[in-house]
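Descriptive analysis of the structure
Single-letter residue listing:
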Amino acid sequence: MTIRTRYAPSPTGYLHIGGAWMAFFNWLFARSHAGAFVLRVEDTDRSRSSEEYERAIFEDFRWLSIDWEEGPDVGGDYGPYRQTERMALYRASADELLTRGAAYRCFCTPQELEAERIRAQAEKRPYRYSGRCRHLTADQRAAFEREGRRPTIRLRLHDHGETIVVNDLVRGRVEFDPEHLDDYIIVRSDGSPLYNFANVVDDHAMAITHVIRGIEHLSNTPKQWVMYRALGWTPPEVAHLSNILGTDKKKLSKRTGDTAVRDYRREGFLPEALLNFFALMAWYPEENREIYSVPELVARFRVEDLGKASPVFDMDKLTWMNGVYMRTLLERDPGRVVEVCLPALREAGLLDGAPTEAQRAYIRRVIDVLGERLKVGRDIVAYGDFFFKDTVEYELEAARRYLSEPGIVEVLSALRERVAGAATLDPAGAESLVRTLAEERGLQAREIVHPTRVALTGKTAGPGLFELMALLGKDQVTRRLAAAVEYIHRTVGS
RNA sequence: GGCCCCAUCGUCUAGCCUGGCCCAGGACAUGGCCCUCUCAAGGCCAAGACACGGGUUCAAAUCCCGUUGGGGCUACCA
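Our subject in this report is the structure included herewith. (Residues numbered from 1 in each chain as written. Chains lettered and ligands numbered in written order. Predicted model: local features only at pLDDT ≥ 70, side-chain atom pairs only at ≥ 80, totals over all residues. Heavy atoms only, no water.)

Regarding the protein's contact with RNA strand B
Condition: Residues are classed as near a molecule or strand on a simple rule: at least one heavy atom within 4 Å of it. By the criterion applied in these results, polar contacts are pairs of N or O atoms within 3.5 Å in which, for protein atoms, one can donate a hydrogen and the other can accept it, and in which residues neighboring in sequence qualify only through two side-chain atoms. Helical segments are the DSSP runs of H or I of at least four residues, strand segments are the runs of E of at least two, and each set is numbered from the N terminus.
The full set close to RNA strand B counts 60 residues, and R171, R188, L280, M281 and R373 are the nearest of them. Take the atoms of RNA strand B that sit within 4 Å of the protein: sugar and phosphate atoms are 69% of them. One nitrogen or oxygen atom from the side chain of E42 is found 2.9 Å from a sugar or linking oxygen belonging to RNA strand B. Contact distances for RNA strand B include 2.7 Å between a base oxygen and a side-chain N or O atom of Y284. Where the surface near RNA strand B is concerned, the elements lending two or more residues are α4 (110-122), β6 (172-176), α11 (315-332), α18 (445-457) and α19 (465-492).

Quick word on α4
The cut-off we apply is this: Multiply 1.5 Å by the residue count of a helix minus one, and that product is the helix's expected span. Burial classes: relative accessible area under 20% of the type maximum marks a residue as buried, over 50% as exposed, and values in between as partly exposed (1.4 Å probe, protein chains only). What the arc describes is the spread of directions from the helix axis to the C-beta atoms. Between two residues, a contact is recorded if the distance between any of their heavy atoms is within 4.5 Å.
Its 13 residues give α4 an end-to-end C-alpha distance of 18 Å, which sits within 8% of 18 Å, the value for a rise of 1.5 Å per residue. Three or more residues of α4 are buried, namely L113, E116 and A120. Along α4, the residues classed as buried sweep out an arc of 60° about the axis, all on the same side. More than 90 degrees from the buried face of α4, the exposed residues found are P110, Q111, Q121 and A122. On its buried face, α4 sits against β4 (152-155). Following α4 by one or two positions, K124 adopts a phi angle in the positive range, close to 55°.

A closer look at the state of the cysteines
Selection criterion: Any two cysteine sulfur atoms within 2.5 Å of one another count as a disulfide.
Under the defined criterion, the tally for this structure stands at zero disulfides. For C106, which is in no disulfide, the shortest distance to another cysteine sulfur is to C108 and amounts to 3.7 Å. Judged by its relative accessible area of 0%, C106 is buried. No disulfide involves C108; its sulfur sits 3.5 Å from that of C133, the nearest cysteine. On the basis of relative accessible area, C108 is assigned to the buried category, the value being 9%.

Notes on the sheet that holds β4
In plain terms, the rule: When DSSP finds at least two bridges between two strands, those strands are taken to pair. Only the contacting stretch of a helix is used when fitting its axis, a line to C-alpha atoms as for every element, and angles between N-to-C directions run 0 to 180 degrees.
Spatial strand order, β3-β4-β7: three strands in an open sheet with antiparallel pairing. Each edge of the open sheet is held by one strand with a lone partner, namely β3 (103-106) and β7 (185-187). When strand polarity is set aside, the average angle formed by the axes of neighbouring strands in this sheet is 45°.

Observations concerning the packing of helix α3 (residues 87-99) against helix α6 (residues 195-205)
For clarity, the cut-off: Here the word oblique covers every angle except those under 35 degrees (roughly parallel), over 145 (roughly antiparallel) and from 65 to 115 (roughly perpendicular). Residue polarity is assigned by list, with Asp, Glu, Lys and Arg as charged and Ala, Val, Leu, Ile, Met, Phe, Trp, Tyr, Cys and Pro as nonpolar; anything else, Gly included, falls into the polar class.
Two elements in contact, α3 and α6, have axes separated by 10 Å at closest approach and are oriented at 105°. By the angle between their directions, the pair α3 and α6 is classed as roughly perpendicular. Residue-level inspection shows L89, Y90, S93, A94 and L97 of α3 in contact with α6, the latter providing F197, A198, V201, D202 and A205. Of the residues belonging to the contact of α3 with α6, the class tally is eight nonpolar, one polar and one charged.

Looking at the pairing of strand β8 (residues 210-214)
Inclusion rule: For a crossover, the right-handed case is the one in which the path from the first strand over the helix to the second runs clockwise, viewed with the strands pointing away from the viewer.
With five of five residues buried, β8 lies mostly within the body of the structure. The pairing of β8 with strand β9 (residues 237-241) spans five bridges and is parallel. The residue bridging I212 from the neighbouring strand is A239, located in β9. With helix α7 (residues 221-231) bridging β8 and the parallel β9, this β-α-β connection has right-handed handedness.

Here we look at the packing of aromatic side chains
In plain terms, the rule: Only Phe, Tyr and Trp rings take part, Trp by its six-membered ring, and two of them pair if their centres are within 6.5 Å. Stacked means planes under 30 degrees apart, edge-to-face means over 60, and tilted covers everything else. Charges are assigned to positions over rings by a cutoff of 6 Å between ring centre and Lys NZ or Arg CZ, combined with an angular limit of 35 degrees from the ring normal.
Here the structure, examined in full by the defined rule, presents 21 aromatic pairs. Aromatic side chains Y7 and F61 sit 5.8 Å apart centroid to centroid with 80° between the ring planes, which places their arrangement in the edge-to-face category. With a gap of 54 residues between them, Y7 in strand β1 (residues 4-7) and F61 in helix α2 (residues 51-64) connect regions that are remote in the sequence. We note that Y7, like F61, is buried. Measuring from ring centre to ring centre gives 6.3 Å for F61 and W68, while their planes differ by 65°; the resulting arrangement is edge-to-face. W68 matches F61 in its accessibility class, with the two residues each being buried. The side chain of R4 reaches across the aromatic face of Y78, ending 3.9 Å from its centre. Above the plane of the ring of Y184 lies K223, whose end atom (NZ or CZ) is 5.2 Å from the centre.

So, in structure tokens, the structure goes:
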């Protein structure tokens, strides 16, 4: 039997980190068994769904290099892959359930139901639907219809059913007493299917064999199992994973960090780092090892090894891991590092649109100079914005500390002259200029280095001074040195 | 309220099924030192956890029961 897994996003927003995480495990499972991964769009909530989000979600998956063999965009033998296009299927299954007597029409209004619920609550009884529409006569039904009531369809749970067992691949055997379940609605009065129903019909029709989904669905599982049984179908294997939490230990939300995959892309995270990190939020393939390529993850994946607890999304660790990937990329594929920095550069207004060849080459050199300081694409802005500006903005603290002594003017001026007089400015040349100047003045090299760095970059932290001078070039260096001198005169006052 | 799931360093987790090798291992973060023009990276070191209470056992992080704390379901949401 071919292993088939799926992920079923609702196109009501951008791909969420939690969703991508869940999808990734379904994908890993399929890939590790040479199976198929299918994308099914759950767009029954028409008012909130949009095609634009659907496209965006696909795009984010592609960026992550999570691919699918079947889906709305690529088709497949089990289509269509949008729930709104599968209405006939749900109708057929509903009819089947009705004729088998496993489901019945319920004419209760939402108001009546609400009243029942409130009554139960007042009497401190657990609420369950009374089942009063179970045995309506033809006359009663006709009367309701004459009143204009539009019925819903409810699944009939067995009155004295036996314990429902869910064999969860990660949690083990979980038992449910049907006593606590009630006849639940599977088709709305407007004829549209509800989640628990559409889901079962789709998973079966699409021959899904394994479902890895959120823990919130565990309690739904027994209800679904009853439906599988009523239809004579075999349910898929299931595994329920806990949800990712934010640092506040609450469900991941905007408050504690970005929640959309898109945000991470924009900030310059690498998809392979994100995926590696995703894996570690549920399992460690080997002891004492954190870095795994996607193929390695595929080779080692076992659902049973997935963790049961809710992981907290640790930005610090993701950032560290991204840095690890950036460093190897710096050696093997610097072009990609350039690519990853582009969005942040644009957002900071340091780059307009697509870079020209010259711009790309320049960014490439900036990246070389920045080196392992680049953990995330956006770091290029934090550490190297001055490479892309003509005037330097001094950080307050930096200027106060290194550009406040009047004596420094002389040093910076002297350095400016020597730079101007140099034939060319390469790192070694810059270094000897600074060091000989220091020697002549009886200064420590650092006494020149620090003020110069602030003069050229505005910051106290950043790339090596000599490399940075070489990249900036004679022109910029002399100009910035002069500007710093002027700044000191202006602020120290004279 | 009822039902279900979960619980090892601040965080991700290894170990738990098949008790002893665990006075609990690794990683991120934190602190210190080294390297060094700053920052980063790197190296070394440190601090840091079996939620609690009962059992079972010669022996429990590991098995059982309970408590507490989180989370979920209990919708004509997904």
